[in-house]
Number of protein chains: 2
Amino acid sequence: MSGRLVIVGLGPGADDLRCPRASAALAAATDLVGYGPYLARVPVRTGQCRHGSDNREEADRARFAIELAATGRAVAVVSAGDAGVFGMAAAVFEVIEQGDPRWRALDVVVHPGVSAVLAAAARLGAPFGNDFCVLSLSDNLKPWGLVLERLEAAARVGLALALYNPLSKARPWQLGEALERLRAVLPGAVPVAFARAISRPDEQVAITTLAEARTEQADMRTLVVVGTAETRVIARPGREPWIYTPRSVGRRPA
Amino acid sequence: MSGRLVIVGLGPGADDLRCPRASAALAAATDLVGYGPYLARVPVRTGQCRHGSDNREEADRARFAIELAATGRAVAVVSAGDAGVFGMAAAVFEVIEQGDPRWRALDVVVHPGVSAVLAAAARLGAPFGNDFCVLSLSDNLKPWGLVLERLEAAARVGLALALYNPLSKARPWQLGEALERLRAVLPGAVPVAFARAISRPDEQVAITTLAEARTEQADMRTLVVVGTAETRVIARPGREPWIYTPRSVGRRPA
């Protein structure tokens with residue numbers, strides 16, 4: 001099979017946070033496949049086909065892209081942020097593993113991008129300056145009990161948390177229950193940040209504490225950052241504070 | 001204070017995996033501060049001062065950069081990968097918090113980059129397609145017992161692991177003990193990958209299992225990826241396999 005499939009992370013939103021390798025791969029493709037609003041971030045090129053789809057059809061979209069590549073096209077599948085972090089990369093490999101064995105001969109390459117977790121962290125300071133954990137709060141693909149178990153285990157050993165998919169219209173209560181579980185394990189003073197659409201024109205940041213954090217501060221485009229008992233907030237007169245987690249654990253940083 | 005300090009992630013190595021925003025920030029600086037080999041990755045510009053230092057002096061380097069910015073210079077501090085993931089960002093905020101209160105008025109901005117964990121994941125397939133954890137195995141700044149506790153807690157709840165700083169000349173035994181602890185918790189068949197210097201000319205990748213993984217496969221430039229009991233290896237005739245972790249937990253992906 002001569003087809004080529006690249007899986008490309010577009011970065012968090014701003015054009016200058018997209019890697020040149022990703023931009024070059026997008027420009028070289030004959031076909032672009034992805035969720036409509038993400039495709040809209042890619043510059044239009046004459047002669048290039050765009051195949052937009054609904055966000056919920058990840059496996060169908062992956063299968064479509066693979067079948068198109070198998071016909072000899074040069075296909076780029078786009079994800080926001082990094083395709084490997086709750087993006088299209090795993091969906092594509094799932095479909096390949098279970099599909100036509102000849103698909104394994106396809107040239108499939110993943111190009112990394114700046115994920116939402118890294119963009120949010122940079123915007124806030126350095127909340128992930130020590131060990132951390134990246135979790136999706138969605139229970140569409142795993143049991144809710146497991147989500148809570150992971151949250152609690154990570155918080156108990158002092159890992160900072162990046163929470164993807166905190167809520168949606170179909171999942172309105174999960175974030176509240178997650179925060180409640182974390183409050184049972186962590187001090188109320190632990191810094192929490194709601195980082196929405198970072199580097200996009202409608203970017204919003206809210207900084208609070210675990211005790212004060214409310215579900216209403218998040219929507220489906222928000223990454224929720226939960227610090228640790230060691231995470232610090234540096235107050236700044238008249239300006240937004242910086243949040244960081246010291247590199248050392250169990251002692252004041254030197 | 002009128003000085004400006006940008007903390008810039010250079011990406012994993014290849015020039016085309018560096019964000020344009022990072023490149024622009026580097027070009028606009030009057031002074032570059034960083035570990036010598038990282039500075040060497042930045043294009044030379046006439047009139048721009050370079051202040052290289054040894055890798056172990058992070059706090060000293062941060063203080064030097066802040067003091068320079070406080071004199072009114074436009075300083076860029078460089079980190080490999082993303083500055084917020086075991087890079088210079090936390091070190092800079094630590095020094096600011098404990099230093100001259102006037103430093104809080106400085107214009108400090110972190111520019112994100114593609115971290116080693118994302119570059120390694122993309123190179124391998126999608127090992128972090130589900131929840132995952134990013135840990136440093138170095139016990140220079142935290143007790144070794146805590147490192148083991150975090151490893152075990154994360155593995156027990158099914159998080160994939162990205163292990164930074166697996167070993168160095170001064171820390172030759174930590175990785176072995178970490179693998180031993182993981183073998184007590186996870187099946188021996190769990191995929192493990194050693195991803196060294198990804199996107200650099202001397203890139204190396206080795207794919208094995210937890211049962212077979214050996215300390216000698218890593219050096220200080222290696223990121224060690226440990227999958228979960230659900231992580232899959234897609235064999236490919238005559239080519240390196242792909243590794244991915246399905247988006248669903250507890251069922252075969254649809």
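The coordinates are above.
The following refers to the structure shown. (Residues numbered from 1 in each chain as written. Chains lettered and ligands numbered in written order. Predicted model: local features only at pLDDT ≥ 70, side-chain atom pairs only at ≥ 80, totals over all residues. Heavy atoms only, no water.)

**Description of the pairing of strand β2 (residues 31–35) of chain B**
Residues and elements named next belong to chain B.
Step number 1: Counting buried residues in β2 gives four out of five residues, a clear majority hidden from the surface.
Step number 2: Two elements, β2 and strand β3 (residues 49–53), share five bridges in a ladder whose sense is parallel. Bridge pairing links Gly34 to Gly52 in β3. (Buried < 20%, exposed > 50% of the residue type's maximum accessible area, 1.4 Å probe, protein only. Helix = DSSP H or I, 4+ residues; strand = E, 2+ residues; numbered from the N terminus. Pairing = 2+ DSSP bridges.)

**What to know about the sheet that holds strand β6 (residues 125–126) of chain B**
Residues and elements named next belong to chain B.
Step number 1: Pairing is mixed across the open sheet formed by three strands, whose spatial order is β6-β13-β12. Each end of this open sheet is capped by a strand with a single partner; those strands are β6 and β12 (232–236).
Step number 2: Sheet topology note: the β6/strand β13 (residues 239–244) ladder contains two bridges and is parallel. In the strand pairing of β13, Ala126 is matched with Tyr244.

**Observations regarding the packing of helix α3 (residues 58–70) of chain B against helix α4 (residues 88–98) of chain B**
All names here are of chain B.
Step number 1: At a minimum axis separation of 9 Å, α3 and α4 run at an interaxial angle of 65 degrees. As the angle between them shows, α3 and α4 are arranged roughly perpendicular. For the crossing formed where α3 meets α4, the hand is right-handed. Counted together, Glu58, Ala59, Arg61, Ala62, Arg63 and Ile66 of α3 and Met88, Ala91, Val92, Val95 and Ile96 of α4 form the full contact between these two elements.
Step number 2: Split by residue class, the contact of α3 with α4 holds eight nonpolar, no polar and three charged. (Axes fitted to C-alpha atoms, helices over the stretch in contact; angles between N-to-C directions. Parallel < 35°, antiparallel > 145°, perpendicular 65-115°, else oblique. Left-handed = near helix turned anticlockwise from the far one by under 90°. Contact = heavy atoms within 4.5 Å. Nonpolar A, V, L, I, M, F, W, Y, C, P; charged D, E, K, R; others polar.)

**Some remarks on the relation of the copies chain B and chain A**
Step number 1: Least-squares fitting of chain B to chain A yields an RMSD of 0.0 Å, with the superposition described by an axial translation of 0.0 Å and a rotation of 180 degrees. The superposition operator between the copies reduces to a two-fold rotation axis. For chain B, the smallest separation between a C-alpha atom and the rotation axis is recorded for B:Cys133, amounting to 2.1 Å. (Least-squares fit on C-alpha atoms with pLDDT ≥ 70 in both.)

**Points about the side chain of A:Asp82**
Step number 1: Tracing the backbone through its elements, the reader meets A:Asp82 in the loop between β4 (74–79) and α4 (88–98).
Step number 2: Buried and without a salt bridge, A:Asp82 has A:Arg21 as its closest oppositely charged side chain, separated by 11 Å.
Step number 3: Among the polar contacts made by the side chain of A:Asp82, one reaches the main-chain amide nitrogen of A:Gly84 at a distance of 2.8 Å.
Step number 4: Leaving out residues up to four positions away in the same chain, A:Asp82 has contacts with A:Gly9, A:Gly87, A:Pro112, A:Gly113, A:Val114, A:Ser115 and B:Leu118. (Lys, Arg positive; Asp, Glu negative; His and termini not counted. Salt bridge = Lys/Arg side-chain N within 4 Å of Asp/Glu carboxyl O. Polar contact = N/O pair within 3.5 Å; in protein donor to acceptor, adjacent residues only side chain to side chain.)

**Focus on the environment of A:Pro43**
Residues and elements named next belong to chain A.
Step number 1: For Pro43, the location among the structural elements is in the loop between α2 (36–39) and β3 (49–53).
Step number 2: Taking relative accessible area as the criterion, Pro43 reaches 55% and is therefore assigned exposed.
Step number 3: If near-sequence neighbours (up to four positions away) are discounted, Pro43 is found in contact with Arg18, Gln48 and Arg50.

**What about the environment of B:Asp15?**
Residue and element names in this part refer to chain B.
Step number 1: Following the sequence through the fold, Asp15 ends up in the loop between β1 (4–9) and α1 (20–28).
Step number 2: A residue is classified by how much of its surface remains accessible, and Asp15, at 58% relative accessible area, is exposed.
Step number 3: Along the chain, Asp15 and Thr30 lie 15 residues apart, while their C-alpha atoms are 21 Å from each other.

**Some thoughts on unusual backbone geometry**
All names here are of chain A.
Step number 1: Positioned with a positive phi, Asn165 is a non-glycine residue whose angle comes to about 50 degrees.
Step number 2: Looking at the element boundaries, Asn165 is found in the loop between β8 (160–164) and α7 (174–183).
Step number 3: We classify Asn165 as partly exposed; its relative accessible area is 30%.

**What to know about the sheet that holds strand β6 (residues 125–126) of chain A**
Step number 1: Reading across the sheet, the three strands line up as β6-β13-β12 (chain A) and stay open at both edges, with mixed pairing between neighbours. In this open sheet, the two strands that pair with only one neighbour each are β6 and β12 (232–236) of chain A.

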